[in-house]
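If you want the building blocks of each chain, they are given just below.
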Amino acid sequence: MRTSTTRSLWGGGISGAIVAHELSRAGKRVLILEAGTGGDRTLSGYQEYLTRFYETAAKDNQSPYPPNANAPMPRSGEARKITPGVPETNGYLVQTGPFSSDTTYTRVLGGTTMHWEAKVLRMLPEDFELRKKFGQGEDWPLTYKDLESYYEFAEREIGVSADIDDQEYCGLKFPKGYVFPMRKLPLSYLDQQVGKGIDGTKVKLFGEEIELKVRTFPQGRNGIPNPDYVGPDGEKGFVPVGAVNTTQVELGGRCQGNNNCVPLCPVQAKYNSNKTLAKALQTGRVDLLAQSVATKVQTDANGRVTHIEYKTYRDPSSIEYTTNIARGKIYVLGANAIENPRLMLASGLPSTSGLVGRNLMDHAYMLSWALMPEVCGTMRGTNCTGGICDLRGGAFRSQQAAFSVDIHNDGWGWAKGSPYSDLDQLIDGENLFGRALRRKLADRITRQLLLAFMIEVLPNQSNRVSVDPAYKDQMGNMRPIISYNIPDYTMRGAAYARQFARLIFQRLGAADFTQYDPADYGYVTYEGQGYIIRGGNHLAGTHIMGTSRSNSVVNTDQRSWDHENLYLVGGGSLPSIATANVTLTIAALCYKSAKAMLAQLQ
Amino acid sequence: MSPPKITTIEQLQEYLRIAMQIEHATIPPYLLALYSIHPGTNSVATQALRVVVVEEMLHLTLAANLLNAVGGKPDLTAPDFVPLYPAFLPNGEKDFEVDLQPFSAAAIDTFLKIERPGRAPSEDKRMIHRPPMMMMATAAAGVRRGTRIRTMPRAMPRTMNATALAAGSGDSDLDYYSIGEFYDEIGRGLKYLHEQEKDKLFSGAAERQAGPEYYYSGGAGLFEVTNLQSALDAVHVIIEQGEGFDRGVYNDAGEIAHYFRFKELTFGQHYQNGDTPDRPTGEKFAIDWNAVYPFKKNARLTDYAGSSELRAAAVAFNRSYADFLAVLTAAYNGEPELLLEKAVPQMFVLRNKTLQLIHNPIPGMEGVNAAPTFEIDEAGSAVAA
């Protein structure tokens, strides 16, 4: 049993790491409870993940991360078509549908930043005012301006490679003179070929004309430091952060384009939050308790948290554990938007707004794939270097969802299992071997183009996380139950996205191979057409931020309205996800929250 | 303090050319030892070797910046820039050869000698008199007399004036006690010449410098050399990252010097802050000396007479290596962007070609695999015959 730290924090992902670093830097003591085994802080622990990834046949999001019955996580391949009225319990997530999501998150130290793709888009200024501007979704209790300086902290911490020139669109503006810590990663050859075909193309949407351009994405991976960079503390220049280890190691200097960013960068050029955690641990004021699953948040009659109960297991397969209590002055739940509300609900805590677990959001991904007329070097570069962002914003949002389009450098992998499936098909289906096989394989794979449409989803109270004692994990913790439907607003965006993909393919002279199989678990029909929607691993909304205890769970500092010494940090606080991958905004909010926590501790 | 041995810009340029040779000559042995380790094993040794070899590349580039700064022209395609291994690398009173060999205790032992910390016991020991017999041995080992520093190219570069290096003392049989001492002499020369020439010493064009965007790692970075301070800083980084100057395990930047990274491998234990060189107290680790591809020590093309495929692969490697040196030469002569655009992709190609060789046995030699030979002929191209 451990007691009396300044703060107790659950979750060793990016939110936990940033908060721990900020508070420990300011002299506060922090205890982190981490459900995973925690071996990931060493290079050898990281190498074990890599070896596991290399040796596994199915290279999915979670393939490097071994099963852990005491800290289970959703895994690819677990999603099933849901029979109405029959909860699907195949995976860790219990799903009642109607939509069956294959969304995942990673319960290891570093959280989902271990497997993330590290695209770090800022939200648009209009994304904070969707209700006011478009009559849709919810307005934030914050504006873009309020968050702008925190974005700069987040961009320094993650180490963002991007050029301003490519990032000013749809109302996004940066202060005069601001540059990103590192220069942009260049567009891949495939991006350039797509750009050649479509740059300058105009599409008309509800009377609004929008011009398209392939542009680079901001990346959370090491590139060339920008000599003009001035950080938020006025410091000049930027030194990229390499691999994490307990002893000195110089690895991870720069992205090598290995193209397995997801699920794990082999050289740690991609940011993962253990880079931040390592700095926090170096202060000597942070204790990390691994293999410790928070099981209950206990409060007193006034709603103040008195302690967090946690269970420390002996090893991932063992059913043995000890139950302990952690006390602190303030408490922070820093897990993702499914695990945070799960713990709150499992603790049986009443909520004034009734919104804990509700408004679950996750980007709806729709894929379209085609073969380019000539070899485009697909499979080179990081997973994704460029895309089309011009439909992230616009007046059309009063009618349908916005989206951002990724050009995937890893071919049809996501949709069809390429390149492995191509090999199977050419050997078994076309009886090719030797030189003919090699030629055909190279020709086919290097012409693959996959567009991934990341479509916005608005908060909807019936999309939710709940718990039920009928569904527990090995340790006896209630599993999350997901009830989720893709809203029509999003599906209108999806239907348009499909048309949009056809237009792009036409312009490029690419042969459209897209097919949506009605037997697929992600199959959704809308206005008579079928589509396949995939989970985005961009979870949000379940402890939504707002202006009062009646309309939200947390305030603009991510502090619980009902529990004055409790903060719920992470994606769960976001009132909209719009068309930005959520991590950068989560990180920015954590800097704001850390400031509030320090003020509260004074 | 004895008078500086470098008293002319020409001498300084010669020293810097040799500095580039020294830095380069350490790279093949480190790289091959690194690549000989079975993937996924010996992670500490892998990291140590990787860090060291990457920093030798930094030193090579810093030396090129220094040479450019004082009006010289780096040329990695010069005859004999690449040593023929085993290269005889005299160091202090114990001469030793550097082999191209798999990761092993013997290899680490050699690496420790290469990176040996540097102050000579006394001023008069900074340069070592080599007995005439040793010079004979050098010639017999296929390494002709001429370079008196630790890296011994198989023949004296034609561009090098035999008296240039020794002009200060008039003694051509001198050797430096360590790389550190050698660079220290460069530092003294820089200061001396700067007093004479002032800023005219740094006559090289700024656009010939490779700047920070082309390299980074922990500890130190690449920077442009444009004046006395940056020149001395470059010398300092090279000394510090390599062997240190008897300042203990960690250098100014808090980085562990190469010598101590190799010491950790002999102890099977990491250093931590506060440790003395002879007693690391950090995390322990195991080394699996058997998880190594057993390639032939100092392989030559003639070893592959029995296999046309190995021979072709080895020749292809040498060609790629010669091409690579030509790209580096262009990069160090006003086109630094080539480092990123061409040299980095070429390094991946070289790695793949190396792995191809060291994963394959030599027919007729039980349990011995092939390896790159680094045979580059006098015209700076691959030896094909």
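Just so we're clear, the structure is a prediction, and the values are computed from it rather than from any experiment.

Trainee: Looking at this structure, how should I read the overall build of chain A?
Mentor: Scanning chain A for helices and strands turns up 13 helices and 20 strands. Taken over the C-alpha trace, chain A has a radius of gyration of 23 Å; the compact-globule value for 602 residues is 25 Å, and the two agree within 12%. Considered along the principal axes of its C-alpha atoms, chain A spans approximately 65 × 55 × 50 Å. Among the 602 residues that make up chain A, the fraction classed as buried is 55%. Summarising the internal contacts of chain A: among those between residues at least 6 apart in sequence, 72% fall at separations of at least 24.

Trainee: Please explain the overall build of chain B as it appears in this structure.
Mentor: Looking only at helices and strands, chain B has nine helices and four strands in total. The proportion of buried residues among the 385 residues of chain B is 48%. Considering only intrachain contacts with a sequence separation of at least 6, the fraction spanning at least 24 residues in chain B is 70%.

Trainee: Mind showing me how you'd approach the pairing of strand β11 (residues 364–371) of chain A here?
Mentor: In the case of a regular strand, side chains alternate between the two sheet surfaces. Residues and elements named next belong to chain A. In terms of burial, β11 is a largely internal element, seven of the eight residues being buried. The pairing of β11 with strand β14 (residues 448–455) spans eight bridges and is antiparallel. Looking at β14, one finds that Ala 370 is bridged to Leu 449. For β11 and strand β19 (residues 529–534), the ladder comprises two bridges, and the chain directions are antiparallel. The partner of Tyr 365 across the bridge, within β19, is Arg 534. Relative to strand β17 (residues 511–512), β11 runs antiparallel, the two sharing two bridges. Of the residues in β17, the one forming a bridge with Ala 370 is Asp 512.

Trainee: Teacher, can you tell me more about the sheet that holds strand β15 (residues 464–466) of chain A here?
Mentor: Consider a sheet: its strands pair through backbone hydrogen bonds, and that pairing is either parallel or antiparallel. Residue and element names in this part refer to chain A. Strand order across the open sheet formed by three strands is β3-β16-β15, with mixed pairing between neighbours. The open sheet has two free edges, formed respectively by β3 (94–98) and β15, since each of these has just one partner strand. Neighbouring strand axes in the sheet, compared pairwise and without regard to direction, differ in orientation by 20° on average. Strand direction decides the pairing type here: β3 and strand β16 (residues 481–484), joined by four bridges, are parallel. What sits directly across from Pro 98, in β16, is Tyr 484.

Trainee: When you look at the nonpolar core in this model, what are you seeing that I'm missing?
Mentor: In summary, soluble globular proteins display a tendency toward joint burial of nonpolar side chains. Counting 161 residues, the largest nonpolar core has Ala 20, Met 366, Phe 453 and Ala 588 of chain A as the members making the most contacts within it. What Ala 20 of chain A contacts, discounting residues up to four positions off in sequence, is Leu 9, Val 30, Ile 32, Leu 277, Ala 280 and Val 286 of chain A. Membership of the second largest hydrophobic core comes to 98 residues, among which are Leu 12, Tyr 176, Phe 182 and Tyr 293 of chain B.

Trainee: What exactly am I supposed to notice about the packing of helix α5 (residues 179–197) of chain B against helix α6 (residues 228–242) of chain B here?
Mentor: Helix-helix packing is characterised by the crossing angle of the two axes and by the distance between the axes. All names here are of chain B. Where α5 contacts α6, the two axes come as close as 9 Å, and the packing angle between them is 170°. Classed by the angle they form, the pair α5 and α6 counts as roughly antiparallel. On the side of α5, the interface is formed by Ile 179, Gly 180, Tyr 183, Ile 186, Gly 187, Leu 190 and His 194, while α6 contributes Leu 228, Ala 231, Leu 232, Val 235, Ile 238, Ile 239 and Gly 242. Residue classes in the contact of α5 with α6 are distributed as ten nonpolar, four polar and no charged.

Trainee: Is there a simple way to think about unusual backbone geometry in this case?
Mentor: Note: most peptide bonds trans; most residues except glycine with negative phi. Looking along the chain, the bond that leaves Val 262 of chain A and enters Pro 263 of chain A is cis, with omega of 10°. Relative to the helices and strands, Pro 263 of chain A resides in the loop between β6 (214–216) and α7 (274–282). Note that the residue after Tyr 85 of chain B, namely Pro 86 of chain B, is joined by a cis bond; omega there is 5°. Tracing the backbone through its elements, the reader meets Pro 86 of chain B in the loop between α2 (43–69) and β1 (87–91). One non-glycine residue, Cys 170 of chain A, adopts positive backbone phi at about 50°.

Trainee: How should the environment of Asp 520 of chain A be read in this particular structure?
Mentor: All names here are of chain A. Here Asp 520 shows up in the loop between β17 and β18 (523–526). According to the C-beta neighbour criterion, Asp 520 is partly exposed, with 17 such atoms within 10 Å. For Asp 520 and Ala 79, which are 441 residues apart along the polypeptide, the C-alpha to C-alpha distance reads 9.7 Å.

Trainee: Before we go on, may I ask you to explain the domain arrangement of chain B in this structure?
Mentor: How big an interface is tends to be expressed through the accessible area that disappears when the partners come together. Residue and element names in this part refer to chain B. As assigned here, chain B comprises domain 1 (9–267) and domain 2 (293–385). Elements with a contribution of two residues or more to the side of domain 1 that touches domain 2: α1 (9–36) and α2. Of all the elements, α1 adds the most residues to the side of domain 1 that touches domain 2, at four residues. Its residues assigned to classes, the side of domain 1 that touches domain 2 comprises 16 nonpolar, five polar and five charged.

Trainee: What is the right way to read the environment of Trp 116 of chain A from this model?
Mentor: All names here are of chain A. As for its position among the elements, Trp 116 is in the loop between β3 and α3 (130–134). Each C-alpha atom of the pair Trp 116 and His 538 lies 9.8 Å from the other, and the pair is 422 residues apart in sequence. Once residues within four sequence positions are removed from consideration, Trp 116 is found in contact with Val 262 and Thr 583.

Trainee: What's the story with the pairing of β16 of chain A in this structure? I'm lost.
Mentor: Where β15 of chain A and β16 of chain A come together, three bridges link them in antiparallel fashion. What sits directly across from Ser 466 of chain A, in β16 of chain A, is Ile 481 of chain A.

Trainee: What exactly am I supposed to notice about the packing of helix α3 (residues 105–114) of chain B against helix α7 (residues 258–267) of chain B here?
Mentor: All names here are of chain B. Two numbers describe how α3 lies on α7: the axes approach to 9 Å, and their chain directions differ by 150°. The orientation of α3 relative to α7 falls into the category roughly antiparallel. Our pair here, α3 against α7, has a crossing hand that is left-handed. Along the contact surface, α3 presents Ile 108, Phe 111 and Leu 112, while α7 presents Tyr 259, Phe 262, Lys 263, Leu 265 and Thr 266. In the contact of α3 with α7, the residues fall into six nonpolar, one polar and one charged.

Trainee: What should I look at first to understand helix α8 (residues 339–346) of chain A in this one?
Mentor: Helical periodicity: at 3.6 residues per turn, an α-helix aligns residues three or four positions apart in one direction. All names here are of chain A. The buried fraction of α8 is high, at seven of eight residues. By the burial criterion, the buried members of α8 are Glu 339, Asn 340, Pro 341, Arg 342, Leu 343, Met 344 and Leu 345. Packed against the buried residues of α8 are β8 (292–299), β10 (321–333), β15 and β20 (566–568).

Trainee: I'm lost on the environment of Cys 255 of chain A in this one. Help?
Mentor: Residue and element names in this part refer to chain A. Positionally, Cys 255 belongs in the loop between β6 and α7. On the neighbour-count criterion, Cys 255 (23 C-beta atoms within 10 Å) is buried. Expressed as a C-alpha distance, the spacing of Cys 255 and Tyr 321, which sit 66 residues apart in the sequence, is 41 Å. The contacts of Cys 255, once residues within four sequence positions are left out, are Leu 185, Arg 221, Asn 222, Gly 223, Ala 269 and Thr 382.

Trainee: Can you walk me through helix α2 (residues 43–55) of chain A in this structure?
Mentor: The end-to-end C-alpha distance of α2 of chain A is 18 Å, a good match for the 18 Å that 13 residues give at a rise of 1.5 Å each. Every buried residue of α2 of chain A is accounted for by Leu 43, Tyr 46 and Tyr 49 of chain A. For α2 of chain A, the arc enclosing every buried residue in end-on projection is 115°, short of the 170-degree limit, so these residues lie on one face. Those residues of α2 of chain A hidden inside the fold are in contact with α2 of chain B.

Trainee: How should the confidence of the model for chain B be read in this particular structure?
Mentor: Predicted coordinates in regions of low pLDDT should not be interpreted in detail. All names here are of chain B. Mean pLDDT over chain B: 81, with 77% of residues reaching 70 or higher. Within chain B, helix α4 (residues 132–140) has the poorest average pLDDT of any element, 33, and helix α8 (residues 308–331) the best, 96. This stretch, residues 90–94, has a pLDDT under 50; its non-local contacts, to residues over four places away or in other chains, come to twelve contacts. Across residues 128–174, where pLDDT falls below 50, the model places 93 contacts with residues more than four positions away in sequence or in other chains. Scored as a complex, the prediction yields pTM 0.87 and ipTM 0.73.

Reading the values: the criteria
- Residues numbered from 1 in each chain as written.
- Chains lettered and ligands numbered in written order.
- Predicted model: local features only at pLDDT ≥ 70, side-chain atom pairs only at ≥ 80, totals over all residues.
- Helix = DSSP H or I, 4+ residues; strand = E, 2+ residues; numbered from the N terminus.
- Rg over C-alpha atoms; globule rule 2.2 N^0.38 Å.
- Buried ≥ 20, exposed ≤ 12 C-beta atoms within 10 Å, placed from the backbone.
- Contact = placed C-beta atoms within 7 Å.
- Pairing = 2+ DSSP bridges.
- Axes fitted to C-alpha atoms, helices over the stretch in contact; angles between N-to-C directions.
- Core = buried A, V, L, I, M, F, W, Y, C linked by C-beta atoms within 7 Å.
- Parallel < 35°, antiparallel > 145°, perpendicular 65-115°, else oblique.
- Nonpolar A, V, L, I, M, F, W, Y, C, P; charged D, E, K, R; others polar.
- Domains from an automatic or database assignment.
- Left-handed = near helix turned anticlockwise from the far one by under 90°.
- Expected span 1.5 Å × (residues − 1).
- Arc of directions from axis to C-beta.
- pLDDT = per-residue confidence, 0-100.

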